[in-house]
2 protein chains.
Amino acid sequence: MKKKVTIRDVAKHAGVSVASVSYVVNGIQKVSEETKERVQQAIAELGYQPNFAAVSLSKNRSYMIGVVMPLIEDTLAPIFKENSYYSEFISGIEYVARKNGYDFLITGVNKAEECKNWIAKRNLDGIIFLGMFPEHLHEEMKALSIPILLIDAYEEYADHFHTIRIADEEGGFLAGQHLLQKGHTKIAYVAHSENSPVDARRYIGYQRALYRGNVKEALHLTAKYSTFKEGYKIGEKLSSSDVTAVFASSDLVALGIMKALQDRGKKVPTDIAVVGFDDLTVSSYTSPELSTVRQDVFHKGSLSAQTLIDVITDRPQETKHIELPVELVVRESSNT
Amino acid sequence: MKKKVTIRDVAKHAGVSVASVSYVVNGIQKVSEETKERVQQAIAELGYQPNFAAVSLSKNRSYMIGVVMPLIEDTLAPIFKENSYYSEFISGIEYVARKNGYDFLITGVNKAEECKNWIAKRNLDGIIFLGMFPEHLHEEMKALSIPILLIDAYEEYADHFHTIRIADEEGGFLAGQHLLQKGHTKIAYVAHSENSPVDARRYIGYQRALYRGNVKEALHLTAKYSTFKEGYKIGEKLSSSDVTAVFASSDLVALGIMKALQDRGKKVPTDIAVVGFDDLTVSSYTSPELSTVRQDVFHKGSLSAQTLIDVITDRPQETKHIELPVELVVRESSNT
DNA sequence: ATGAAAGCGCTAACAA
DNA sequence: TTGTTAGCGCTTTCAT
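About the cut-offs
- Residues numbered from 1 in each chain as written.
- Chains lettered and ligands numbered in written order.
- Predicted model: local features only at pLDDT ≥ 70, side-chain atom pairs only at ≥ 80, totals over all residues.
- Heavy atoms only, no water.
- Core = buried A, V, L, I, M, F, W, Y, C linked by side-chain atoms within 4.5 Å.
- Buried < 20%, exposed > 50% of the residue type's maximum accessible area, 1.4 Å probe, protein only.
- Contact = heavy atoms within 4.5 Å.
- Helix = DSSP H or I, 4+ residues; strand = E, 2+ residues; numbered from the N terminus.
- Domains from an automatic or database assignment.
- Buried area = accessible area lost by both parts, 1.4 Å probe.
- Polar contact = N/O pair within 3.5 Å; in protein donor to acceptor, adjacent residues only side chain to side chain.
- Salt bridge = Lys/Arg side-chain N within 4 Å of Asp/Glu carboxyl O.
- Pairing = 2+ DSSP bridges.
- Axes fitted to C-alpha atoms, helices over the stretch in contact; angles between N-to-C directions.
- Phe/Tyr/Trp six-rings, centres within 6.5 Å; stacked < 30°, edge-to-face > 60°.
- Lys NZ or Arg CZ within 6 Å of the ring centre and 35° of its normal.
- Near = heavy atom within 4 Å.
- Least-squares fit on C-alpha atoms with pLDDT ≥ 70 in both.
- Nonpolar A, V, L, I, M, F, W, Y, C, P; charged D, E, K, R; others polar.

Looking at an unreviewed UniProt entry, chain A carries the name LacI family DNA-binding transcriptional regulator, with the source organism given as Ectobacillus antri.

Caption draft 1: Representation of the nonpolar core in the model. Formed by 146 residues in total, the largest nonpolar core has its most connected members in A:M69, A:L238, B:M69 and B:L238. Apart from residues no more than four positions distant in its own chain, B:L238 is found in contact with B:A188, B:V190, B:L219, B:L221, B:V243, B:V246, B:I257, B:L261 and B:I272. With 41 residues, the next largest nonpolar core counts A:A112, A:F161, B:L124 and B:Y157 among its residues.

Caption draft 2: Layout of the environment of A:I234. Residues and elements named next belong to chain A. Along the chain, I234 falls in helix α11 (residues 228-239). Through-space distance from the C-alpha of I234 to that of A260 is 8.2 Å; in sequence the pair is 26 residues apart. Sequence-distant contacts of I234, that is, excluding residues within four places in its chain, are made with V190, L221, T222, A223 and I257.

Caption draft 3: The arrangement of the domain arrangement of chain A in detail. Residues and elements named next belong to chain A. Partitioning chain A into domains gives domain 1 (7-59), domain 2 (64-167 + 298-325) and domain 3 (168-294). Of note, the centres of domain 2 and domain 3, computed from C-alpha atoms alone, are 29 Å apart. Taken together, the contact pairs 11 residues of domain 2 with 15 residues of domain 3. It is E82, Y154 and A167 that lose the most area in domain 2 upon contact with domain 3, and together they represent 52% of the buried surface on that side. Inspection of the domain 2/domain 3 interface yields 7 residue pairs in polar contact (both at pLDDT 80 or more). Among the elements that make up the side of domain 2 that touches domain 3, the one with the highest residue count is helix α6 (residues 84-99) (3 residues).

Caption draft 4: Looking closely at the pattern of salt bridges. In the structure shown here, the tally under the stated rule is 42 salt bridges over all chains. Two residues, B:K259 and B:D263, come together in a salt bridge whose shortest N-O distance is 3.1 Å. Of this pair, B:K259 and B:D263 are both found in helix α12 (residues 251-263), 4 residues apart, which corresponds to roughly one turn of the helix. Judged by its relative accessible area of 1%, B:K259 falls in the buried class. It is possible to trace a salt-bridge network through shared partners that takes in A:D74, B:E94, B:R98 and B:K99.

Caption draft 5: View of the sheet that holds strand β12 (residues 327-329) of chain A. All names here are of chain A. Ordered by their spatial adjacency, 6 strands build an open sheet running β7-β6-β8-β9-β10-β12, and the pairing between neighbours is mixed. One side of each edge strand has no neighbouring strand; the edge strands of this open sheet are β7 (219-222) and β12. Adjacent strand axes in the sheet meet at a mean angle of 20 degrees when their direction is disregarded. Note: strand β9 (residues 273-278) against strand β10 (residues 291-294), 4 bridges, orientation parallel. Bridged to V275 within β10 is S291. Contacting β6 (187-191), β8 (245-248), β9, β10 and β12, helix α9 (residues 168-181) crosses the sheet at an angle of about 165 degrees to β9.

Caption draft 6: Focus on the interface of chain B and chain A. Across the boundary between the two partners, chain B contributes 64 residues, which contact 64 residues of chain A. Taken together, the two surfaces of chain B and chain A that pack against each other cover about 5300 Å², and 53% of this comes from carbon and sulfur. Here chain B and chain A share 12 salt bridges between them. Its salt-bridge partner being B:D74, residue A:R98 comes within 3.3 Å of it at the nearest N-O pair. Where chain B touches chain A, the interface holds 32 residue pairs in polar contact (both at pLDDT 80 or more). Where the side of chain B that touches chain A is concerned, the elements lending two or more residues are α4 (52-59), α5 (77-82), α6 (84-99), β2 (103-109), α7 (112-122) and α12 of chain B. Sorting elements by how many residues they give to the side of chain B that touches chain A places α6(B) first, with 9 residues.

Caption draft 7: Inspection of the packing of aromatic side chains at higher detail. One pass over the structure, following the stated rule, counts 22 aromatic pairs over all chains. Centre to centre, the rings of A:Y189 and A:F247 are 5.6 Å apart; their planes meet at 75 degrees, and the pair counts as edge-to-face. Here A:Y189, found in strand β6, pairs with A:F247, found in strand β8; they are 58 residues apart in sequence, far enough to count as distant. Residue class for A:F247 comes out buried when judged on its relative accessible area of 0%. Aromatic pair B:Y85 and B:Y86: ring centres 5.3 Å apart, planes at 80 degrees, arrangement edge-to-face. Take B:Y86: its relative accessible area is 11%, and that puts it in the buried class. An aromatic cluster is present here, built from A:Y189, A:Y203, A:Y206 and A:F247 joined pairwise through their rings. One Lys or Arg, B:R61, reaches over the ring of B:Y63 and ends 4.4 Å from the middle of that ring. A cation sits over an aromatic face here: B:R202 above B:F277, 3.6 Å from the ring centre.

Caption draft 8: Fine view of the environment of B:Y203. All names here are of chain B. Its place among the elements puts Y203 in helix α10 (residues 197-212). Residues Y203 and F247, spaced 44 residues apart in sequence, show a C-alpha to C-alpha distance of 9.8 Å. With sequence-adjacent residues up to four places away left out, Y203 is seen in contact with Y189, E217 and H220.

Caption draft 9: Fine view of the protein's contact with DNA strand D. Near DNA strand D, the surroundings consist of 29 residues, among which A:I7, A:Y48, B:S17, B:S32 and B:T35 are the closest. For DNA strand D, the fraction of atoms within 4 Å of the protein that belong to sugar or phosphate moieties is 63%. Interatomic distance of 3.1 Å between a side-chain N/O atom of A:N26 and a phosphate oxygen of DNA strand D. In this structure, B:T35 approaches DNA strand D through a side-chain N or O atom, which is 2.6 Å from a phosphate oxygen. For the surface near DNA strand D, the secondary structure elements donating two or more residues are α1 (7-14), α2 (18-25) and α4 (52-59) of chain A together with α2 (18-25) and α4 of chain B.

Caption draft 10: Summary view of the relation of the copies chain B and chain A. Mapping chain B onto chain A calls for a screw motion: a turn of 180 degrees about the axis and a shift of 0.0 Å along it, with 0.1 Å RMSD after fitting. In symmetry terms, the pair is related by a two-fold rotation axis. In terms of C-alpha distance to the rotation axis, chain B has B:A53 as its closest residue, with the C-alpha 2.3 Å off the axis.

Caption draft 11: Molecular detail of unusual backbone geometry. Residue A:P269 is bonded to the preceding A:V268 through a cis peptide linkage, with omega at 10 degrees. Residue position: A:P269 is located in the loop between α12 (251-263) and β9. Omega for the bond connecting A:S287 with A:P288 falls within 30 degrees of zero, at -5 degrees, which places this linkage in the cis form. Along the chain, A:P288 turns up in the loop between β9 and β10. Not every positive phi belongs to a glycine, and B:N60 is a case in point at roughly 55 degrees. Positive phi, normally seen in glycine, also occurs at B:D152, with a value near 60 degrees. Here B:D152 shows up in the loop between β4 (148-151) and β5 (162-166).

Caption draft 12: Structural view of the protein's contact with DNA strand C. The environment of DNA strand C is formed by 28 residues, the closest being A:S32, A:T35, B:I7, B:Y48 and B:S58. Note that a base oxygen of DNA strand C is positioned 3.0 Å from one of the side-chain N or O atoms of A:Y23. A distance of 2.8 Å separates a phosphate oxygen of DNA strand C from a polar side-chain atom of B:S22. The set of elements that each furnish at least two residues to the surface near DNA strand C consists of α2 and α4 of chain A together with α1 (7-14), α2 and α4 of chain B. Across the surface near DNA strand C, the residue classes tally to 13 nonpolar, 11 polar and 4 charged.

Right under this line is the structure:
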């Protein structure tokens, strides 16, 4: 059990003061070239690593960012298990964080109180909210002095914070347009969850496409949650309807719909075409592969981390608002 | 920007010493009931939260555990994107960690050096290695004084650390047995990656089943990596072979195989039956649903966290070795 | 350019 | 039982 080497050890070894070592470590131009070299030498020889707890304490900066995710019945499990969206996003964060000498903490949070405590306890430098912002949470958050980044938030208060979103409305439009071009006139829309502002945007775009094509909405259903299972239930209903196409605002729901349809003997896309939204990895595993509106989730995650770190570093006055593009991906499930 | 409240503020507010506050916070039975109450009162009124950086510094304990994952070309992206196994595992960790007042850090690591530095910098209390242990890493690690938990490691050095694995061999056996029972005699085995000790176990079990049934292995292929894409390639080869069943030691590979087979006009399971291993969430999204050997990954993750935290707390002499059960799940892809 | 020392918030040994 | 205080490892001001 080797004892850990501290800044003092390095100082002693190099025959300089701890201050000088600190200067070198932090790249502060206050030391002579010679001192610098001796310190670096000593650091290498001793294998010195600054203790972040100490740094955190004295700089009041932890080099850690928090990622808050929605909890379902007290656990992240369902969300992680079902929805690769989150893990892809996380991998983007991880990549950028690591490159910048940051670490990140993930937590599921129910109450605003917990969240505040968590931030205080861990001295987080910034925080990313992913897909969920309890009503009152944002009020409490404003009081906090750390940068906050909201992902996919359309609530009116979102503008007080930094935000990153995608072109949800355009995505909806693209999906609708695509289905019209394929000649469909009886199309069902399936919302991926109740009261979702994100879904609302996608729907607006979709409606715009229908309007342009002079087509009336044939059927409007809403999945309770954005899950395969809920999609399956919807699919059961759809199988006995007369629609020839369905656009679900989430791949997971679309996948569930497709499976239900197939289990009931319907052919996709010939009997019913299906289009989803997100382009999850799994969406090209199925037969037929799912047509969808793609967003680049890894990039969204990495950009989120980069943006947050930039804000932490530069402390700009204004809040940043970024919108990422989407892209229609036509695969088998709608390609008649 | 509210100033953060420290232990001193609480002490002042309650009219006691910082030591007393500390005792109360840490549940050390050294204070009178009355003092305790006054302190708790003060804490509540001020909304005090201990600063973990300070705690970490003085206790030399961070209440953080590290999770090390394999990096593919410098990023976790492919692994997270493709393989929900990892995210499910993580969600198990998150659940237990949060319940126990721990946080966890995730990193992808290439070199042992980096890993050691990371642990030192962050003062991690313990560490979980998930699916990867670079050759020499374990040597370096032994020098570390923190508990180390290896997941799915069969390398000989694994016994020096705590380990959690599943009944891989039995899983292979179950799969083989199942296929035999369905009357198959020409079965292909597909290893989920090259030189994988885990795969080797599964294969041994599988072979045992064949041996018992007096059936010779018809075909043995190896996927380069455990991915859908690699599975697809294998599936293309299989489509022109004369096997009637295939057991792939990973769902991802099995899914790829199935898709390739279907794309080539083969019917699953009537032309060829397919069985995988893991029971990923996506494995029941497909048509047909994939038969597989299930492991409970969330549980594996939560048990990992719990085990590690226990070890951190109790510092037992011996290393713990846990084997989790598996279960055959017969779905459509092998149900003839 | 260099170093001494105060302080970051908390714990725990020691005194009272 | 309670309080005082010396660290924990590092940063940073202020002398030198």
